[in-house]
Amino acid sequence: MKKFFVVAFTLLSMMAVSAVAAADDHPVRIGAGLDVGLPSGGALEVTLHPKADWVRVSAALTYNYLSFGGRASLQLDPMALLPKLPIGVYADVQGGFSPEASIPGHSDLPQVGYDYLNLYGALRFGTARGFHWNLMAGPTYMHISTNNFQSVLSNSGASGLKIGNPTVDGWIVPTFITGFEIPITL
Amino acid sequence: MKNIFIFAIACAMFSMACATATITEPSSCEEQSVSFSTPAVPTIPSQFDSVATCSMYSVNIPDVSTTTTVDLSDAISKLNKVADNLSVAVQSVAIDNSNGEFNWVDSVSVGVSTNNLPMIPIANYTAPTGGPGETIQPDVVISAADSIKYLGNGPATLTVVLHAQNATACQAMVLKTMPSTLSSSANLCVSASGTVSKSL
């Protein structure tokens, strides 16, 4: 299921970007943003509006206190076709990862990392072409992996027993992200 | 996919965060030392007790068995505390033969029992042509239902029986040179998974 989401998300992004690449005379806009939420943590984002306001792709560097990770997203904002409208409702599909890492100060505990897919509905406060604040929420599918789980047993003195690294796959509803973006017209 | 949207709507209606997931423990293994008394080798007729002729004569070597105790119940019970619908499956039973001490074995049967439950087969092995390799890995025959019943509630006793009803005189001659006790190790691995649905 994880592979299906990754492939579908990638194809959808490519189709959306190529469909609007040469559509009209809208200039390309790039942007930057900051946001915070679950499960991505804090994120520093670079966005691209490829000659249209109603579609946006972005890449972000994330940090969740355990490790740095990454996130990519595809946003579809039909209300951005009314550029002076100071509010919008849009869809945002995001995929991200956080590598396995130890809890700071607790190297004796197992490492934890995760991959995720967010299926968000969102509110935009501000115009699509200018500074705006976003509030996103919705279900998240997560694949949580662990590493060094054996260390728990080694520390407890259990011998002869070897434990593999458990994984968790499932949905969390809802998760959220909130933050702002500043587009710049090139 | 349909279920997750119903789940999401239900969570939204009650204004709470919910999580539904499958927890998987891919491999919990316990290794124990095992030792067998070297079986008594029947007398080999003199015309077959040479390297040139020993392959033409078969002997029936008596079965030998040993028992060992494994306990994976703690790991299984920890998962059972957080997950529902726990499923346990025996992944493998393996006996080390890296020193070749069991090259004379035709087949192996492994049974499992507990203080409260009678012995049932957990794995069976038939040696391929050419004899066992460096690891004797019987085919698992125990069901998932019996796996959790026998392994999830405390220590379990594994009984390993070595059979050699068609050993060649060559193998019997090698067996005669072995020490009185054959030592090895037995490794039992299980996997477990369960589901979790909780309000956060």
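Note that the structure is predicted; figures quoted are calculated from it, not measured.

A. Fine view of the sheet that holds strand 4 (residues 107-113) of chain B. Residue and element names in this part refer to chain B. Ordered by their spatial adjacency, five strands build an open sheet running 2-8-4-5-7, and the pairing between neighbours is antiparallel. For this open sheet the edge positions go to strand 2 (58-70) and strand 7 (139-140), each flanked by a neighbour on one side alone. Relative to strand 8 (residues 156-168), strand 4 runs antiparallel, the two being bridged by seven bridges. Across the sheet, Val 112 pairs through a bridge with Leu 158, a residue of strand 8. Against the sheet, helix 3 (residues 144-151) engages strand 4, strand 5 (120-126) and strand 8, with an angle of about 60 degrees to strand 4. This element, helix 4 (residues 169-176), spans strand 2 and strand 8 of the sheet and lies at about 125 degrees to strand 8.

B. Geometry of the interface of chain B and chain A. On the chain A side, the residues contacting the 24 residues of chain B number 18 residues. Roughly 1500 Å² is buried in total at the junction of chain B and chain A, and carbon and sulfur atoms are behind 62% of that figure. There are zero salt bridges connecting chain B and chain A. If you look at where chain B meets chain A, you find seven residue pairs in polar contact (both at pLDDT 80 or more). Broken down by element, the side of chain B that touches chain A gets its largest block of residues, 14 residues, from strand 1 (residues 18-37) of chain B. For the side of chain B that touches chain A, the per-class residue count stands at 16 nonpolar, five polar and three charged. Bridging between strand 9 (residues 167-185) of chain A and strand 1 of chain B involves seven bridges; their strand directions are antiparallel.

C. Quick peek at the pairing of strand 3 (residues 84-96) of chain B. Residue and element names in this part refer to chain B. Sheet topology note: the strand 3/strand 9 (residues 181-199) ladder contains nine bridges and is antiparallel. Looking across to strand 9, one finds that Ser 92 is bridged to Cys 189. Bridging between strand 3 and strand 6 (residues 135-136) involves two bridges; their strand directions are antiparallel. Bridge pairing in strand 6 links Ile 95 to Ile 136.

D. Representation of the pairing of strand 5 (residues 87-101) of chain A within the structure. Pairing analysis gives seven bridges linking strand 4 (residues 68-76) of chain A to strand 5 of chain A, with the strands arranged antiparallel. If you follow Leu 74 of chain A over to strand 5 of chain A, its bridge partner there is Val 93 of chain A.

E. The pattern of salt bridges, seen in detail. All names here are of chain A. One pass over the structure, following the stated rule, counts ten salt bridges over all chains. Here Asp 53 and Arg 29 are joined by a salt bridge, their closest N and O atoms 2.4 Å apart. Linking Asp 53 in the loop between strand 2 (41-49) and strand 3 (55-63) with Arg 29 in strand 1 (residues 29-38), this pair joins segments that are 24 residues apart in sequence. An identical accessibility class is assigned to Asp 53 and Arg 29; each is buried. Two residues, Arg 56 and Glu 181, come together in a salt bridge whose shortest N-O distance is 3.1 Å.

F. Representation of a nonpolar patch on the surface within the structure. All names here are of chain A. On the surface, a nonpolar cluster with roughly 920 Å² of combined accessible area is contributed by Ile 30, Leu 48, Ile 87, Val 89, Leu 123, Phe 125, Phe 131, Trp 133, Leu 135, Ile 182 and Ile 184. Looking at the nonpolar patch, the elements with two or more residues in it are strand 5, strand 6 (111-125), strand 7 (132-147) and strand 9. Mapping Leu 123 onto the fold places it in strand 6.

G. Geometry of the nonpolar core. One finds Phe 102, Trp 104, Val 108, Val 112, Ile 122, Leu 162 and Leu 188 of chain B to be the most contacted residues of the largest nonpolar core, which totals 52 residues. With near-sequence residues (within four places) excluded, Trp 104 of chain B lies in contact with Pro 39, Ile 61, Val 64, Leu 162, Ala 164, Ala 167, Gln 171, Leu 175 and Leu 182 of chain B.

H. Molecular detail of the packing of aromatic side chains. Here the structure, examined in full by the defined rule, presents seven aromatic pairs over all chains. For the ring pair Tyr 141 of chain A and Trp 171 of chain A, a centre distance of 5.3 Å and an interplane angle of 70 degrees mean the geometry is edge-to-face. One end of the pair, Tyr 141 of chain A, is in strand 7; the other, Trp 171 of chain A, is in strand 9, and 30 residues separate them in sequence. The pair Tyr 141 of chain A / Trp 171 of chain A is uniform in exposure class, with both members buried. Between Phe 36 of chain B and Phe 102 of chain B, the ring centres sit 5.5 Å apart and the planes meet at 80 degrees, which makes this aromatic pair edge-to-face. Here Phe 36 of chain B is found in strand 1, whereas its partner Phe 102 of chain B is found in the loop between strand 3 and strand 4, with 66 residues between them in sequence. The same class applies to Phe 36 of chain B and to Phe 102 of chain B, which are both buried. An aromatic cluster of at least three residues, connected via ring pairs, comprises Phe 131, Trp 133 and Phe 180 of chain A.

Rules and cut-offs
Residues numbered from 1 in each chain as written. Chains lettered and ligands numbered in written order. Predicted model: local features only at pLDDT ≥ 70, side-chain atom pairs only at ≥ 80, totals over all residues. Heavy atoms only, no water. Pairing = 2+ DSSP bridges. Helix = DSSP H or I, 4+ residues; strand = E, 2+ residues; numbered from the N terminus. Contact = heavy atoms within 4.5 Å. Axes fitted to C-alpha atoms, helices over the stretch in contact; angles between N-to-C directions. Buried area = accessible area lost by both parts, 1.4 Å probe. Salt bridge = Lys/Arg side-chain N within 4 Å of Asp/Glu carboxyl O. Polar contact = N/O pair within 3.5 Å; in protein donor to acceptor, adjacent residues only side chain to side chain. Nonpolar A, V, L, I, M, F, W, Y, C, P; charged D, E, K, R; others polar. Buried < 20%, exposed > 50% of the residue type's maximum accessible area, 1.4 Å probe, protein only. Patch = residues over 30% accessible without salt bridge, like charges linked within 9 Å, V, L, I, M, F, W, Y side chains within 5 Å. Areas by Shrake-Rupley, 256 points an atom, 1.4 Å probe, with all protein chains shown as cover. Core = buried A, V, L, I, M, F, W, Y, C linked by side-chain atoms within 4.5 Å. Phe/Tyr/Trp six-rings, centres within 6.5 Å; stacked < 30°, edge-to-face > 60°.

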